[in-house]
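Per-entry structural report
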Amino acid sequence: MNEAIQLKSVCKTFGATKAVTDLDLVIPRGALYGFIGPNGAGKTTTIRMIMAILFADSGELSVLGHKSALDAKDRIGYLPEERGIYRKMRVGPFLTFMARLKGVPDSEIPGRIKRGLARVGLADAERKRCEDLSKGTQQKVQFVAAIIHHPDLLILDEPFSGLDPVSARSLREMVLEEHARGATILFSTHVMPHAEELCDHVVMINKGQKVLDDPVADIQRRYDPRVIEFDPLDPQADLSPLRSIPEVEDLERTDHGCKVVLREGSSAPSVIPRLAIAVPPARIEIARPTLEDVFVKLVAA
Amino acid sequence: MKKILLVAGREFVATVSTKAFIIGLLIMPMMIGVSIVVFPRLLNPRNYRTQGEVAVIDPNGRAIADIRTAFSQERIAERREATARQVMNQAPPEVKELAASRATPQMAAAVASATAGSDLRLIERPANADVQKEKSWLLEPGEIRHLALVVVHDDAVRSKDGKSYGSYDAYVPANADDRAMNEVQSAMQEALVNARTREQGIDRATAESLVKVERGKLVTVTKDSERNTIRGINGILPIFFVILMFMGVMTGGQSLLTSTVEEKSTRVMEVLLSALSPMELLAGKIVGQFGVSLIVLGLYIGLGGALLISFALFGLINPWLLPYLGIFFVLSYLTYGSLMVSVGAVVNDMREAQSLMMPLMLLLTFPFWVWFPISQNPNSAFATAISFVPPVNSFAMLLRLTSTSPPPWWQVWASIGVGVVGVVVAVWFASKVFKIGLLMYGKPPNVATLIRWARQA
C-alpha cells in the first residue's frame, strides 16, 4: 500500500449542514500536500475524520494502511487548528507527557525535547510554565509536540495562523525538514502563498466538495491566463503598436507598462519577440497564475 | 492500557499538586479539630454566667426559704458540677482519663469561674404582691437584667387533694435566655421538692435514694473482648460512613468535572485526541481521579482510625464494614464520576456546568436527607426500596449496614449487583456523551439532548 491517506466517497453532516460531501482523496507516502479552501469549506472536519477524532457518516477511509487513524496514532503528528496546551504545566513535562503518549522510549525523550526546542529557538523554555509563553511561542511548543515522535504522517491544520513572518519562515523550514526526513505532510491553509511555496500538490475543497486535486505546476499550466507582463524601456512610450500584433486581444494598463492579453490558442513564446520589436521592453515576462487567482476563480464560480 | 495509565498519572499529579487540593484536604480535619476543641468550650454550660434578677412571689410562704437556698450561688455551682459529672460518667474510661489528665486545670478554672461568677440575684416580693403590677417590673429598663417573675402556686408544697401538687408560673421578657430559664427551673424544682418532703416529714436524701435508679452499665460483648457500650455512637456511626464516602466521591467527581472543562476550554482536548481515543482519555481521567479520591478517603479513614485507637475505641467499628465501604465507594465513584465527566465534556465553562450539575448534586446529597429515617428504621419498606435504586443505593445500603439492624446479606449483595449495573449504564452513557461532546462548542445541551446523544452514538 503506497498511500498515506485514502478517502473514498466520505460524507459528514452536522444536523442539516453537509460539512463534507463525497470526498475522494489519495495522498501518496512522502508527499507534501496542501489542503486549501475558504473558511467553512470543510477542511478541519476532513482532517478530524482522518485523525479519527470525528467519524464519517459514510464512505471509506484509510490512514497509513489502517482502517482508522486510532490504529496508527503513534505514527501521526497533528497540530490542530484550535491550539491547546496545559497552561499550568511546564514546557518540559508537557512535551514529556506528549512524547510518552506517542510511544517515544523514555530514554530518548530528554534529548528529543532539547533538540526540538532548540530547533524552534526555545532552548531555555523547558522549565517555563506554558501559560507564561506568548501565543506564538506556545504554538512552537505545540509544533515540537507534534513532531517529537518523528511521525510518518504530519497533519497541520492552519499551522501559520497567528505567527509573525520570522516564526512563519522558521516553521516553514521545519515542515520542509520533516518532509525531507521522509514524512508525508498534509497541511491546511486558506493563505494561498503558503501552499504555493511549500506544496507539490494541492487539494482544494469548497462547500464540502473537492474542486481541485492537482500538482501545483499542472494547476498553473491549466489555469494559464494567457497574459504577458510588459514594461517598456521608455516609460512614456506609445504602446499602441502592440495592438497591431494579431495574437493580441487586449492591453491592460499597469503602473509601469501593461498586461498583454493574448487570444485563445496563441503561443506566448512566439509572440514575445514580436512584442519586443514593436516596443523596446525593459521587462517582458509570461504571467503565471497564482493559487490565489485559481482559488478566487473556483470559489467565485 | 499504557496510555490510560499515562493520562491517569497526569490527572492524579495535576490534581494533588495544586494548593487548592492540599488546602481542601486539610480543611476537613481542621474543622473537625475545631469542632472538638472549640465548640464544647463555647457550648459548655458551666461557662455560661447567669446574670440578672429573678423575682419570686410565694403567696403562702411555705417554699420561700427553700427557694432562697436553691438560688444561692453555691447551690447553682453544685448543680452544674453534678450535671457535668453525670455527663462524664457516661463517657468511656479513656475520655474520662483524658479529661482528668489534660483538662483538669481548665475545668477547675471553669468551675471556679462559674461558681464565683454566677450573678443571679433573687428578689423576694411580698406574699400578697399584685402579680399584674409585678409583671411590669420585667419590662423596666436597667443595668441589671430582669430575668423572670416566679409565682409559686398555692398548692405547690401542700397538696389540696392529697394526690397532686401545684407548681409555679414564670413570667419572662421577650428575649429570655433558655439557659437562664433552665437555671430557674432546676432551682425551683430543688426548692419545691425540699419544701414538700419537709412538709411530709420525709428525709429528702432517703426519698431520693428510694426513687433513683442509676442507668445500668451497658457492656458490649464481642467474640474477643468486652467493652463499655457508648450510647449514641451507634446512631451516629452510619452518617460518619456516609460523610466519608461523600467526601471521596465528591472530591474525585468534582476534579473530573473541572479538569474536563479546563481541557475543553483551553482546547487541549483535540491535542489529546490526536494521541489516544476518547475511551482511553475517559478511562484515564476516571482512574486518575479515583487515585485522588482514594487519597482523600484513605487520609480521613486513617485520621478517624488513629483517633479511635488513641481513645481505645477502635472496637466500635466492625472491621468487616471497611471492605463494604470500599465496595460501595467504588460503585458510587464510578457512577457519579462518569456522570460528572460527561457533564464536563458538554459544557464550555464551569458556569454552564452548574445547571447540569444540579440533578447530580441532588442525588449526591439525597442520603443526608434520608439519613435519619433510615437510621431509625433501617429495614423499613422505604429504606429497603432505595437500597436497590442506583445511584443512591450505595449510600442507602451503607447507612443500613452500619446501623443497629443490618439488612440480610442477600439484600447487601443484591444492592451491590444493582450498583454494578448502575456503573455499567453510567459508564456507557458517559462514553457516548463524552465522545460527542468533547469537540462541541456553543450552547450546551440540556438533559434531553444528552439522552438523545447517548441513544444515537
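Residues numbered from 1 in each chain as written. Chains lettered and ligands numbered in written order. Predicted model: local features only at pLDDT ≥ 70, side-chain atom pairs only at ≥ 80, totals over all residues.

Here's the deal with the overall build of chain A
Convention followed: Numbering of helices and strands runs from the N terminus; a helix is a DSSP stretch of H or I covering at least four residues, while a strand is a stretch of E covering at least two. Around each residue's C-beta, the other C-beta atoms within 10 Å are counted; 20 or more make the residue buried, 12 or fewer make it exposed, and counts in between make it partly exposed. All C-beta atoms are placed from the backbone. For every residue pair, C-beta atoms are placed from the backbone, and the pair is scored as a contact if these atoms sit within 7 Å.
For chain A, the helix and strand inventory stands at 9 helices and 13 strands. Each of the 301 residues in chain A was classed as buried or not, and the buried ones make up 38%. Taking the contacts inside chain A whose residues are at least 6 apart along the sequence as the reference set, 69% of them involve residues at least 24 apart.

Here we look at the domain arrangement of chain A
A common measure of how large an interface is: the accessible area buried when the components associate. Residue and element names in this part refer to chain A. The line we're drawing: The source of the domain bounds is an automatic or database domain assignment. When residues are sorted by character, Ala, Val, Leu, Ile, Met, Phe, Trp, Tyr, Cys and Pro go into the nonpolar class, Asp, Glu, Lys and Arg into the charged class, and all the rest, Gly among them, into the polar class.
The domain architecture assigned to chain A consists of domain 1 (3-220) and domain 2 (225-300). Computed from C-alpha atoms alone, the centre-to-centre distance between domain 1 and domain 2 is 40 Å. Listed as interface residues are 12 residues of domain 1 and, on the opposing side, 9 residues of domain 2. At the level of secondary structure, the elements contributing two or more residues to the side of domain 1 that touches domain 2 comprise α6 (192-198), β8 (201-206), β9 (209-215) and α7 (216-222). Split into classes, the residues belonging to the side of domain 1 that touches domain 2 amount to 9 nonpolar, 2 polar and 1 charged.

Regarding the nonpolar core
Spelled out, the test is: To form a nonpolar core, buried Ala, Val, Leu, Ile, Met, Phe, Trp, Tyr and Cys residues must be joined through C-beta atoms within 7 Å.
Residues I155 of chain A together with L398 of chain B are the most contacted members of the largest nonpolar core, which totals 133 residues. No other element matches helix α13 (residues 321-346) of chain B, which puts 13 residues into this core. Among the nonpolar cores identified, the runner-up in size contains 23 residues, and A148, V150, V157 and M188 of chain B belong to it.

Re the interface of chain B and chain A
With 15 residues of chain B at the interface, the matching set in chain A holds 17 residues. Within the side of chain B that touches chain A, the residues separate by chemical class into 8 nonpolar, 3 polar and 4 charged.

Topic: the sheet that holds strand β1 (residues 3-14) of chain A
Residue and element names in this part refer to chain A. Note the threshold: For two strands to count as paired, DSSP must find a minimum of two bridges between them. Only the contacting stretch of a helix is used when fitting its axis, a line to C-alpha atoms as for every element, and angles between N-to-C directions run 0 to 180 degrees.
The sheet built from 3 strands is open, its strands ordered β2-β1-β4 with antiparallel pairing. Two strands in the sheet have a free side with no partner beyond their single neighbour: β2 (17-28) and β4 (58-63). Strand-to-strand, the axes of this sheet are offset by a mean angle of 20°, without reference to chain direction. Across 8 bridges, the pairing between β1 and β2 is antiparallel. Within β2, the position partnered with V10 by the bridge is L23.

Regarding the pairing of strand β11 (residues 248-253) of chain A
All names here are of chain A. With 0 of 6 residues buried, β11 is to be regarded as a mostly surface element. Pairing of β11 with strand β12 (residues 258-262) involves 5 bridges; the strand directions are antiparallel. Of the residues in β12, the one forming a bridge with R253 is C258. Linking two consecutive strands that pair antiparallel, namely β11 and β12, is a turn of 4 residues.

A look at the confidence of the model for chain A
Under the convention used in this document: Confidence of the predictor at the level of single residues is captured by pLDDT, which takes values from 0 to 100.
Averaged over every residue, the pLDDT of chain A is 85; residues scoring 70 or more account for 98%. Put simply, helix α9 (residues 291-300) of chain A is where chain A has its lowest mean pLDDT, 71, and helix α2 (residues 91-101) of chain A is where it has its highest, 92.

Quick word on the sheet that holds β11 of chain A
Think of a sheet as strands paired side by side through backbone hydrogen bonds, with each pair either parallel or antiparallel. Residue and element names in this part refer to chain A. One open sheet accounts for 4 strands, arranged β11-β12-β10-β13; its pairing is antiparallel. Here the strands that pair on one side only, and so sit at the sheet edges, are β11 and β13 (281-286). On average, each strand axis in the sheet is tilted by 20° relative to the strand beside it, whichever way the strands run. In this fold helix α8 (residues 268-278) packs onto β10 (227-232), β12 and β13, with an angle of close to 170° to the strand it touches most, β13.

With respect to the environment of L192 of chain B
Residue and element names in this part refer to chain B. Looking at the element boundaries, L192 is found in helix α8 (residues 178-200). Separated by 23 residues in the primary sequence, L192 and R215 have C-alpha atoms spaced 25 Å apart. Not counting the four nearest positions on each side in its chain, L192 is found in contact with A63, A156 and V157.

Here we look at unusual backbone geometry
Following P390 of chain B, the chain continues into P391 of chain B via a peptide bond in cis, with omega recorded as 5°. Mapped onto the secondary structure, P391 of chain B falls in the loop between α15 (381-386) and α16 (393-401). One non-glycine residue, H150 of chain A, lies in the positive phi region at around 50°. Residue position: H150 of chain A is located in the loop between α4 (135-147) and β6 (153-157). Residue classification places H150 of chain A among the partly exposed residues on the basis of 16 C-beta atoms within 10 Å. Positioned with a positive phi, K207 of chain A is a non-glycine residue whose angle comes to about 50°. Inspection of the secondary structure assignment puts K207 of chain A in the loop between β8 and β9. Classification of K207 of chain A by C-beta neighbours within 10 Å gives partly exposed; the count is 15.

Considering helix α1 (residues 43-50) of chain A
All names here are of chain A. Within α1, 8 of the 8 residues are buried, which leaves it mostly tucked inside the rest of the structure. What α1 keeps buried is the set K43, T44, T45, T46, I47, R48, M49 and I50. Once α1 finishes, A52 follows within two positions and takes phi at roughly 60°, a positive value.

A look at the pairing of strand β5 (residues 76-79) of chain A
All names here are of chain A. Burial along β5 is two-sided: I76 and Y78 facing one way and G77 and L79 facing the other are all buried. Note: β5 against β6, 4 bridges, orientation parallel. Looking at β6, one finds that Y78 is bridged to I155.

Some words on the environment of K285 of chain B
All names here are of chain B. Relative to the helices and strands, K285 is located in helix α12 (residues 278-310). C-beta crowding within 10 Å serves as the criterion here: with 26 such atoms nearby, K285 is assigned to the buried category. Once the C-alpha coordinates of K285 and S342 are considered, the two residues, 57 residues apart in sequence, prove to be 11 Å apart. Ignoring any residue separated from it by four or fewer positions in sequence, one finds K285 in contact with V7, E11, L256, S259, T260 and V341.

Describing the packing of α13 of chain B against helix α17 (residues 409-437) of chain B
Residue and element names in this part refer to chain B. The following threshold applies: Each angle gets one of four labels, with under 35 degrees taken as roughly parallel, over 145 as roughly antiparallel, 65 to 115 as roughly perpendicular, and the rest as oblique. Crossings are classed by handedness, with left-handed meaning an anticlockwise turn of the near helix from the far one by less than a right angle and right-handed meaning a clockwise turn.
Where α13 contacts α17, the axes come no closer than 8 Å and their chain directions differ by 20°. Here α13 is positioned roughly parallel relative to α17, judged by the angle of their axes. Read as a crossing pair, α13 and α17 show a hand that is left-handed. Note on element contacts: α17 touches α13 through I416, G419, V420, G422, V423, A426, V427, F429, A430, V433, F434 and G437, opposite I327, L331, L334, T335, S338, L339, V341, S342, A345 and V346. Of the residues in the contact of α13 with α17, the class split is 16 nonpolar, 6 polar and no charged.

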